[in-house]
Amino acid sequence: MSSFQYGGQAVIEGVMMRGPDSRAVAVRKPDQTIIVDEKTVGSLTKRVKFLKWPMVRGVVMLIESLVMGIEALTFSAGQATGEEEELTPGQIFITIAVALGLAVLLFAVLPTAAAHMLNRIAPGSLVQNLIEGFFRIAIFLAYVVAIGRMADIQRVFQYHGAEHKVINAYEAGDLLQPDRVQRYSTLHPRCGTSFLLIVMVISILIFSMLGEQVLWWRILSRVLLLPVVAGISYEALKLSGKYASTPLCRFLIAPGLWLQKLTTSQPDDGQVEVAIAAFGAVLKESDKNVK
């Protein structure tokens, strides 16, 4: 089995999988056929050596994943509705900028401002950052629960579960067949949901080192330090996936796995079939021979 850590993302009526040299999006079309779109992908980390350095590579991978994810969502939406449309590079840039802006507002500005307003009744840098972290996690949970009530998002959560089941089955060395894949968990330690929780925890630790700050600098420092937080969180996520079987790591990753229960659901066999189609398209030939 390859040492490469395969990953993916749920999209509209489908799954995107990322391999070492390509990515594939499999979508269930309205006529119930499965269409697979495979593209060769290259990372800047392969062309610029210092971008492979720990702490740096996490920021690069995050940006590349955002771009790839938006492209995959656009493709899946077109195939699922029959209205094929591709975003231009400019539209992708604007979409990412808007998404990042909303994320900064919801998870940086609002929690920081809310915690700052309580500085008189809860003074001290550590207490303030714990309150800020609590607000940040509460906003995230409220957001996930709110969108999880939407029928379309519930379908996406099922495909998210299918993606995890397929990767779990592959990493266990099992056959990639729907009946076999269905035996595996919808939870996975390298999930993006776990990554977000790690980001929120790491941010509490890092921001606590900054001491007392005025509000405007407190908010700006959170934004400026986001790449540092993301870099550390990425390395923590990679380690958690590598040592997930150890008792200490199982204890540390448990909250992230619990959180995934809000963003994954049990898929049906048809959804698992779609995830298998996407995964099979990005498997290296040497890995295919293992099955």
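The rules behind the values
Residues numbered from 1 in each chain as written. Predicted model: local features only at pLDDT ≥ 70, side-chain atom pairs only at ≥ 80, totals over all residues. Heavy atoms only, no water. Phe/Tyr/Trp six-rings, centres within 6.5 Å; stacked < 30°, edge-to-face > 60°. Helix = DSSP H or I, 4+ residues; strand = E, 2+ residues; numbered from the N terminus. Buried < 20%, exposed > 50% of the residue type's maximum accessible area, 1.4 Å probe, protein only. Lys NZ or Arg CZ within 6 Å of the ring centre and 35° of its normal. Salt bridge = Lys/Arg side-chain N within 4 Å of Asp/Glu carboxyl O. Disulfide = S-S within 2.5 Å. Core = buried A, V, L, I, M, F, W, Y, C linked by side-chain atoms within 4.5 Å.

- Looking at an unreviewed UniProt entry, the protein carries the name DUF1385 domain-containing protein, with the source organism given as Pelotomaculum schinkii.

1. Remarks on the packing of aromatic side chains
Link 1 in the chain: If you walk through the whole model with that rule in mind, you get seven aromatic pairs.
Link 2 in the chain: Look at Tyr6 and Tyr170: their rings are 5.4 Å apart centre to centre, the planes differ by 80°, and that puts the pair in the edge-to-face class. Here Tyr6, found in the segment before β1 (7–11), pairs with Tyr170, found in helix α5 (residues 151–171); they are 164 residues apart in sequence, far enough to count as distant.
Link 3 in the chain: Judged by its relative accessible area of 1%, Tyr6 is buried.
Link 4 in the chain: For Tyr170, a relative accessible area of 2% gives the class buried.
Link 5 in the chain: Judged by centre distance (6.0 Å) and plane angle (55°), the ring pair of Phe134 and Phe135 falls under tilted.
Link 6 in the chain: Between the NZ or CZ atom of Arg222 and the centre of the ring of Phe207, over which it lies, the distance is 4.4 Å.

2. Considerations on the pattern of salt bridges
Link 1 in the chain: This structure, assessed with the given rule, holds nine salt bridges.
Link 2 in the chain: The salt bridge partner of Glu132 is Arg136, with a shortest N-O separation of 2.6 Å. A residue pair is termed a helical-turn pair when its members lie 3 or 4 positions apart in one helix, as Glu132 and Arg136 do in helix α4 (residues 125–147) at four residues. The same class applies to Glu132 and to Arg136, which are both buried.
Link 3 in the chain: One salt bridge connects Arg190 with Glu171, and the closest N-O pair in it is separated by 2.8 Å. Of this pair, Arg190 sits in the loop between α6 (178–181) and α7 (192–207) while Glu171 is found in helix α5, placing the two residues 19 residues apart along the sequence.
Link 4 in the chain: Overall, the relative accessible area of 17% leaves Arg190 in the buried class.

3. Notes on the state of the cysteines
Link 1 in the chain: Evaluation of the coordinates by the stated rule reveals zero disulfides.
Link 2 in the chain: The thiol of Cys249 is not disulfide-bonded; the next cysteine sulfur, from Cys191, is found 15 Å away.
Link 3 in the chain: With a relative accessible area of 10%, Cys249 lands in the buried category.

4. A word on the nonpolar core
Link 1 in the chain: Within the largest apolar cluster, 24 residues are counted, with the highest numbers of intra-cluster contacts made by Met17, Val166, Leu176, Val181 and Phe279.
Link 2 in the chain: Contributions of two or more residues to this core are made by β2 (14–18), β3 (22–28), α5 and α11 (269–282).
Link 3 in the chain: Per-element accounting of this core gives the leading share, eight residues, to α11.

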